[in-house]
Protein chains: 2
Amino acid sequence: AGAPQARALPAAAAVELVHTYSLIHDDLPCMDDDSLRRGRPTVHVAYGEANAVLAGDALLALAFEVLADAEGGCGAEAVAWCTRALAIAAGSRQLVGGQADDLAFAAGGPPTLSRVEAVHRRKSAALIAASVTCGARLGGATGDSLAELGVFGEEVGVAFQIADDLLDADRNEACSLVSVMGVERARERAEALLASALGRVAKLGERAAGLRMLAELAVRRDQ
Amino acid sequence: AGAPQARALPAAAAVELVHTYSLIHDDLPCMDDDSLRRGRPTVHVAYGEANAVLAGDALLALAFEVLADAEGGCGAEAVAWCTRALAIAAGSRQLVGGQADDLAFAAGGPPTLSRVEAVHRRKSAALIAASVTCGARLGGATGDSLAELGVFGEEVGVAFQIADDLLDADRNEACSLVSVMGVERARERAEALLASALGRVAKLGERAAGLRMLAELAVRRDQ
């Protein structure tokens, strides 16, 4: 059924669909009320609020359809595994819960390392972890290596979010590690998470070259 | 793995989760702007708009998690089949597309039988059909009988929606079969669809007693 990279593509598409749905809903007037996304008008600005809610809903459903369609190439067990992992990452315990925490963050008292990282883990890192584990599962990985890749993805995800906070340091967001520990220590924390993550995939050798490159790009970026 | 009825329960739960998510989003101010649902305040009235959007999102994701968790009792192939069927029923081609059509209905010109039934099929009947086919698939049905049960569900779904229009005849909704053909002919159309649907499950005998009862209840109700 083709190379592991090709078999993993439905996982990439499904995660991208979940990510895009969450951006459309996060941008809504009742949430972050953003009018620009990637330099262009947000969906509710361009097409109205009702269509933005519906477009997000449709993309979330489509993510699971895309996964189900991978059955022919990857087998039903892998599809069921990824369906569960993606549903959990997208649901109330992770992505949706993290967004709810983020909206309520300022009202919950002063930011602390543990409060900020809890939001980062749920809102950003869980979906990045799901992208790694679902891709690996469709590509044929099982057992302990999947669990280790999940932690790799979570560490990279939290570090990615710290890098985001560092780039946005002048926006003074409430839920930001920079506002808790300053620029220097936040940068050190991101590098420590990246080093830990890279250690987890060291034994995969050349097979993890792509993962290593993406992890470094995600954390050491300047935009 | 237990009786077919018990094995089908995850499908019932998943469909109910999709249905409830769609009601929460349909009630939003930017959609139908309803403040009461089942005699109680709608979610956005009780908990705010952001939480209503997020609650709907979380329920949609949970529907797919519940299906995935049926793997142990029903097998991965049945889970993948239901995931695909439910994702299609909930997505842009059915439920979400039907709601978008409904919102734009009045602007699309005068109501006609085909315009109204197209919305009914997408917005109501598709999910009812998915509830029948997913339940049957988890219970062990395959092939032609699944296709026939899908048409049964769709006919019952359209008849259910006509019954709804008959009960709401005094609300004067734009997208209503009553406004197209009047009370008497709308009632005849619902009965004809019900008769056709019942004919499709006649050969299943006693095994379809529950389906027959639900179909009759859905169409011949007074609330």
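Residues numbered from 1 in each chain as written. Chains lettered and ligands numbered in written order. Predicted model: local features only at pLDDT ≥ 70, side-chain atom pairs only at ≥ 80, totals over all residues. Heavy atoms only, no water.

### With respect to the overall build of chain A
Applicable threshold: Every helix listed is a DSSP run of H or I at least four residues long, and every strand listed is a run of E at least two residues long, numbered separately from the N terminus. Radius of gyration: over C-alpha atoms. The globule rule applied is 2.2 Å multiplied by the number of residues raised to the 0.38 power. Throughout this description, buried means an accessible area under 20% of the type-specific maximum (1.4 Å probe, protein chains only), exposed means over 50%, and partly exposed covers the range between. Lys and Arg are tallied as positive, Asp and Glu as negative. Neither His nor the chain termini are counted. Where a charge lies is defined by one atom per residue type: Lys uses NZ, Arg uses CZ, Asp uses CG and Glu uses CD.
Each helix and strand in chain A was counted, giving 11 helices and two strands. Compactness check: chain A gives a C-alpha radius of gyration of 18 Å against a globular reference of 17 Å for 223 residues, within 12% of the reference. Along the three orthogonal principal directions, the C-alpha set of chain A runs to about 50 × 45 × 30 Å. By the burial criterion, 47% of the 223 residues in chain A qualify as buried. A distance of 5 Å separates the average location of the 21 positive side-chain charges in chain A from that of its 30 negative side-chain charges.

### What about the relation of the copies chain A and chain B?
Keep this limit in mind: Fitting of the copies onto one another was done by least squares over C-alpha atoms, counting residues only where both copies have pLDDT of at least 70.
Superposing chain A onto chain B takes a rotation of 180 degrees plus a shift of 0.0 Å along the axis, which leaves an RMSD of 0.0 Å. Expressed as an axis order, the relation between the two copies is that of a two-fold axis. Taking the C-alpha atom as reference, chain A places A76(A) closest to the rotation axis, 2.6 Å from it.

### Description of the pattern of salt bridges
Applied cut-off: Salt bridge, as used here, is a side-chain nitrogen of Lys or Arg placed within 4 Å of a carboxyl oxygen of Asp or Glu.
Throughout the structure, instances matching the rule amount to 26 salt bridges over all chains. Note that R200(B) is salt-bridged to E155(B), the shortest N-O span being 2.9 Å. Of the two residues, R200(B) sits in helix 10 (residues 177-200) while E155(B) sits in helix 9 (residues 143-167), which places them 45 residues apart along the sequence. When its relative accessible area of 23% is taken as the criterion, R200(B) is described as partly exposed. Judged by its relative accessible area of 11%, E155(B) is buried. A salt bridge links E191(B) to R220(B); the shortest N-O distance between them is 3.0 Å. Taken together, the positions of E191(B) in helix 10 and R220(B) in the segment after helix 11 (209-219) put the pair 29 residues apart, joining distant regions of the chain. With relative accessibility at 32%, the residue E191(B) sits in the partly exposed group. Salt bridges linked by common partners bring E117(A), R121(A), E154(A) and R189(A) together as one network.

### What to know about helix 6 (residues 76-90) of chain B
Just so we agree on the cut-off: Under the convention used throughout, the expected extent of a helix is 1.5 Å for every residue step, that is, one less than its residue count.
With 15 residues, helix 6 of chain B should reach 21 Å at 1.5 Å per residue; the first-to-last C-alpha distance of 21 Å fits that figure. Of all 15 residues in helix 6 of chain B, 11 are buried; the element is thus mostly enclosed.

### Side note on the interface of chain A and chain B
Here is the rule we go by: Residue contacts follow a heavy-atom distance rule, with two residues in contact if any of their heavy atoms lie within 4.5 Å. In this description, buried area is defined as the sum, over both parts, of the accessible area (probe of 1.4 Å) that is lost when the two are combined.
Every contact between the two is made by 34 residues of chain A and, on the other side, 34 residues of chain B. Note on chain A versus chain B: buried area summed over both sides is about 2900 Å², and carbon and sulfur give 69% of it. The largest per-residue losses of area from chain A upon contact with chain B belong to L54(A), E65(A) and R84(A), which jointly make up 18% of the total buried on that side. Where chain A packs against chain B, one counts six salt bridges.

### Regarding the nonpolar core
What counts, and what does not: Among the buried residues, those of types Ala, Val, Leu, Ile, Met, Phe, Trp, Tyr and Cys that are joined through side-chain atoms within 4.5 Å form a nonpolar core.
Within the largest apolar cluster, 75 residues are counted, with the highest numbers of intra-cluster contacts made by V18(A), L86(A), V18(B) and L86(B). Apart from the residues lying within four places of it in its own chain, the contact partners of L86(B) are A14(B), V15(B), V18(B), A63(B), F64(B), L67(B), L127(B) and C134(B).

### Digging into the side chain of E65(A)
Along the chain, E65(A) turns up in helix 4 (residues 49-68). Owing to a relative accessible area of 10%, E65(A) belongs among the buried residues under this scheme.

### Focus on the confidence of the model for chain A
Selection criterion: As a per-residue quantity, pLDDT reports the predictor's confidence and falls between 0 and 100.
Here chain A averages 95 in pLDDT, and 99% of its residues register 70 or above. Interface predicted TM-score (ipTM) for the complex: 0.95; the corresponding pTM is 0.96.

### Section: the environment of D26(B)
Residue and element names in this part refer to chain B. The residue D26 is located in helix 2 (residues 9-26) in this model. On the basis of relative accessible area, D26 is assigned to the buried category, the value being 10%. A C-alpha to C-alpha distance of 9.8 Å links D26 and G56, two positions 30 residues apart in sequence. When sequence neighbours within four positions are dropped, the list of residues in contact with D26 reads M31, D32, D33, Q99 and K123.

### Observations regarding the packing of aromatic side chains
To be explicit about the condition: Ring pairs are drawn from Phe, Tyr and Trp, using the six-membered ring of Trp, whenever the two centres fall within 6.5 Å, and their geometry is named by plane angle: stacked under 30 degrees, edge-to-face over 60, tilted for the rest. Should the NZ of a Lys or the CZ of an Arg lie within 6 Å of a ring centre and within 35 degrees of the ring normal, that charge is described as sitting over the ring.
Enumeration according to the criterion identifies one aromatic pair over all chains in this entry. Measuring from centroid to centroid gives 4.3 Å for F64(A) and F64(B), while their planes differ by 5 degrees, and the two rings are stacked. You can see F64(A) sitting in helix 4 and its partner F64(B) sitting in helix 4 (residues 49-68), one on each of two chains. Taking the relative accessible area as the measure of exposure, F64(A) reaches 0% and is therefore buried. Against the face of F105(A) rests R115(A), its NZ or CZ located 4.1 Å from the ring centre.

### Points about the packing of helix 2 of chain B against helix 8 (residues 113-139) of chain B
Residue and element names in this part refer to chain B. Put simply, the test is: Every axis corresponds to a line fitted to the C-alpha atoms, with the helix fit spanning only the stretch in contact, and the corresponding angles, defined between N-to-C directions, vary from 0 to 180 degrees. Angle categories: roughly parallel below 35 degrees, roughly antiparallel above 145, roughly perpendicular from 65 to 115, and oblique for all the rest. Should the near helix be turned anticlockwise from the far one by less than a right angle, the crossing is left-handed, and should it be turned clockwise, the crossing is right-handed. In this count, Pro and Cys sit with the nonpolar residues alongside Ala, Val, Leu, Ile, Met, Phe, Trp and Tyr, while Asp, Glu, Lys and Arg are called charged and the others, Gly among them, polar.
Where helix 2 contacts helix 8, the axes come no closer than 8 Å and their chain directions differ by 160 degrees. As the angle between them shows, helix 2 and helix 8 are arranged roughly antiparallel. Both helix 2 and helix 8 take part in a crossing whose hand is right-handed. Of the residues in helix 8, those touching helix 2 at P10, A11, V15, V18, H19 and D26 are K123, L127, A130, S131, C134, G135 and L138. Of the residues assigned to the contact of helix 2 with helix 8, the class counts are eight nonpolar, three polar and two charged.

### Here's the deal with the packing of helix 2 (residues 9-26) of chain A against helix 4 of chain A
Residues and elements named next belong to chain A. Contact pair helix 2 / helix 4: the axes reach a minimum separation of 8 Å and the direction vectors enclose 165 degrees. Between helix 2 and helix 4, the angle falls in the class roughly antiparallel. As helix 2 runs across helix 4, the sense of the crossing is left-handed. Counting all contacts with helix 2, which are made through P10, A11, A13, A14, L17, V18, T20, Y21, I24 and H25, the residues of helix 4 involved are A52, V53, A55, G56, D57, L59, L60, L62, A63, V66 and L67. Of the residues contributing to the contact of helix 2 with helix 4, the split by class is 17 nonpolar, three polar and one charged.

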